[in-house]
Amino acid sequence: MSGPPHTPALPWRGVMLDVARHFLPIGEVRRMVDAMALLRLNALHLHLTDDQGWRFESKSWPRLTEIGAWRDATVVGRPGNYTDWSLHPENHLNTYSRVRHGGFYTQAELRDLVAYARERGVTVVPEIDMPGHMRAARAAYPDLGYEPTALGVGRSWGIYPEVLRVDETGLAFCTDILAEVVDVFDAPYVHIGGDECPKVEWEASPVAQAQRRDLGLSEVADLQRWFTGRIAAYLTSCGRRLIGWDEIIDEGVPDGDPVVMAWRDWTDAAGRATRAGVDVVQAPSLLYFDHACGTGDGEPLSIAPGADLAAVYAYDPYAGLSDPAHLLGLQAQLWSEYIPTADHLWYMAFPRLVAVADIGWYGADRPPYEEFLADLPGRLEALADLGIGHRPL
Ligand code: ACM
């Protein structure tokens, strides 16, 4: 090879931090930015809200952080009956640690982070997950549900059925929050989640059913596509483009030229999106770095077995796409249910994230794996100089 190319193969070379399930102090988020700059990764996706915690300071909805940023307990280990997805996450045979957990970022802290990242060639892409994964917001403001049930912030892992009402009240909440988000973050994209939104509450709600009829929709589930289209229009009016997890196209592509972050590779999510003419960021389960490195034997508790370094390096982001022109890039995910500390985060992220960086930078022209391995110790030493550890090679 005659030295690295000056332009990257793919424009989106990302990593997602889930700061909702376990809060990550802002200094550690900055440290990840340092690592990204070193590796020439350029998109830091912050998953700021989820059932178990709301981490974005809102001036207009202050209870989101007064109430929604804190949980009074956390499930220990895996929830009992873990594989029975029909159970409510808090109805498993769970053991809880009664330690209060939480935290949030002020808007001032996030503005500083955005500037710090920008100086290092990294764009911070905020995610406010809607209309599912809303239990922390519902705990803060019960009226955000079609029924104003009193709820606590989530304390277990899984998919909570308590979601957002998607009528004008729910939309007004979302646009209030997004107005603050676009004021703090300068990324051209705003991520609105859109994943794993159970429709049981909408099915049961006379208000949602009347809304469905008034909008001429055949299924209550179609309300999500309609809602996403409204949010996309709002973001367009703010000069931003909507990106969401691949569920946002399950009922057809919403209006507003959304980008799909394709995670459910087993549903051919990226192929479906590109065939529909939609731009894609590849975030397949192979790049879920909360999954163990390999089979998990001898590894710390994690959510599932996963891909080892060689498998990650062999990943082809173009596989299964109908039109390569629709590929924006690729991204690794660090969901944090089983990643409670920064040291654990570095262990799960590195060295696999180095491989993602090189796929994004070199594309198909990356060096052979043996060459990558030969260079790796030096690159990990450079990360160690930033205070970042790694899984032993
Ligand atoms: C996801 O893993 N729920 C995007």
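Quick look at the structure, then.

## Side note on the packing of aromatic side chains
Then step 1. Summed over the entire model, instances satisfying the criterion amount to 14 aromatic pairs.
Then step 2. Here the aromatic rings of Phe56 and Phe185 are separated by 6.4 Å at their centres, their planes lie at 35°, and the arrangement is tilted. Taken as a pair, Phe56 in the loop between β4 (53-54) and α2 (63-66) and Phe185 in the loop between α5 (168-184) and β10 (189-191) lie far apart in primary sequence, 129 residues in all. An identical accessibility class is assigned to Phe56 and Phe185; each is buried.
Then step 3. Their ring planes at 40° and their centres at 5.6 Å tell us that Tyr313 and Tyr369 sit as a pair that is tilted.

## Points about the environment of Asp72
Then step 1. Position of Asp72 relative to the elements: it lies in the loop between β5 (70-71) and β6 (74-75).
Then step 2. When the C-alpha atoms of Asp72 and His45 are compared, they prove to be 27 Å apart, with 27 residues separating the residues in sequence.
Then step 3. Dropping the residues within four chain positions of it, Asp72 is found in contact with Ser97, Arg98, Val99, Arg100 and Arg155.

## A word on the side chain of Asp222
Then step 1. Within the secondary structure layout, Asp222 lies in helix α8 (residues 222-237).
Then step 2. Buried within the structure, Asp222 lacks any salt-bridge partner; Arg225 is the closest side chain of opposite charge, at an N-O distance of 6.4 Å.
Then step 3. Within the local environment of Asp222, its side chain forms a polar contact with the side chain of Ser218, the two groups lying 3.5 Å apart.
Then step 4. With near-sequence residues (within four places) excluded, Asp222 lies in contact with Leu217 and Glu251.

## Some details on the pattern of salt bridges
Then step 1. Tallying each qualifying case throughout the model produces 22 salt bridges.
Then step 2. Residue Arg21 pairs with Glu337 through a salt bridge whose shortest N-O separation is 3.6 Å. Pair noted here: Arg21 is in the loop between β1 (12-18) and α1 (26-39) and Glu337 is in the loop between β14 (327-334) and α11 (342-349), with a separation of 316 residues, a long-range link. Here the two residues Arg21 and Glu337 agree in accessibility, since each one is buried.
Then step 3. Two residues, Arg264 and Asp250, come together in a salt bridge whose shortest N-O distance is 2.9 Å. Taken together, the residues span a long stretch of sequence, with Arg264 in the loop between β12 (259-262) and α9 (269-275) and Asp250 in the loop between β11 (241-245) and β12 at a distance of 14 residues.
Then step 4. What makes Arg264 buried here is its relative accessible area of 13%.
Then step 5. Here the salt bridges share partners, and the residues they tie into one network are Asp18, Arg21, Asp50 and Glu337.

## Quick look at the nonpolar core
Buried together is how nonpolar side chains tend to be arranged in soluble globular proteins.
Then step 1. Membership of the largest hydrophobic core comes to 104 residues, with the highest contact counts inside it found for Met32, Phe173 and Phe350.
Then step 2. Here this core gets 8 residues from one element, more than from any other, and that element is α5.
Then step 3. Filtering out sequence-adjacent residues up to four positions away, Phe350 remains in contact with Met32, Ala35, Leu39, Leu383, Ile388, Gly389, His390 and Arg391.

## A few points about the layout of surface pockets
Then step 1. Size it by volume and the largest pocket reaches roughly 480 Å³.
Then step 2. Along the walls of the largest pocket sit 23 residues, with Glu196, Trp263, Tyr288, Ile303 and Glu337 positioned nearest its centre.
Then step 3. Residues belonging to the lining of the largest pocket are distributed by class as follows: 11 nonpolar, 5 polar and 7 charged.

Cut-offs and rules
Each chain has its residues counted from 1, following the order in which its sequence is written. pLDDT decides what is reported in this predicted model: residues at 70 or higher carry local features, side-chain atom pairs at 80 or more are listed and counted, and totals for whole chains, interfaces and linings draw on all residues regardless. Side-chain numbers come from the whole structure's heavy atoms, not from hydrogens or water. In summary, the pairing rule links any two rings of Phe, Tyr or Trp, Trp by its six-membered ring, whose centres are within 6.5 Å, and it sorts them by plane angle into stacked for under 30 degrees, edge-to-face for over 60 and tilted for everything else. Secondary structure follows DSSP: runs of H or I at least 4 residues long count as helices, runs of E at least 2 residues long count as strands, and numbering of each begins at the N terminus. Exposure classes here rest on a 1.4 Å probe applied to the protein chains alone. A residue is buried below 20% of its type maximum, exposed above 50%, and partly exposed in between. Should any heavy atoms of two residues lie within 4.5 Å, those residues are counted as being in contact. For the charge count, each Lys or Arg is scored as positive and each Asp or Glu as negative, with His and the chain ends excluded. One side-chain nitrogen of Lys or Arg within 4 Å of one carboxyl oxygen of Asp or Glu is enough to make a salt bridge. In protein, a polar contact requires one atom able to donate a hydrogen and another able to accept it; more generally it is a pair of N or O atoms within 3.5 Å, and residues adjacent in sequence count only if both atoms are side-chain atoms. Within this scheme, the nonpolar core is defined by two criteria: the residues are buried Ala, Val, Leu, Ile, Met, Phe, Trp, Tyr or Cys, and they are joined through side-chain atoms within 4.5 Å. A pocket here means an open set of points on a 1 Å grid, computed over the protein atoms alone, that has protein on both sides within 12 Å along at least five of seven lines. A cavity is instead a set of points where a 1.4 Å probe fits but cannot get out; residues with an atom within 4 Å of a point line either one. Grid points are joined across faces, edges and corners, and a volume is the space filled by probe spheres set on the points. The classification used treats Ala, Val, Leu, Ile, Met, Phe, Trp, Tyr, Cys and Pro as nonpolar, Asp, Glu, Lys and Arg as charged, and all other residues, Gly among them, as polar.

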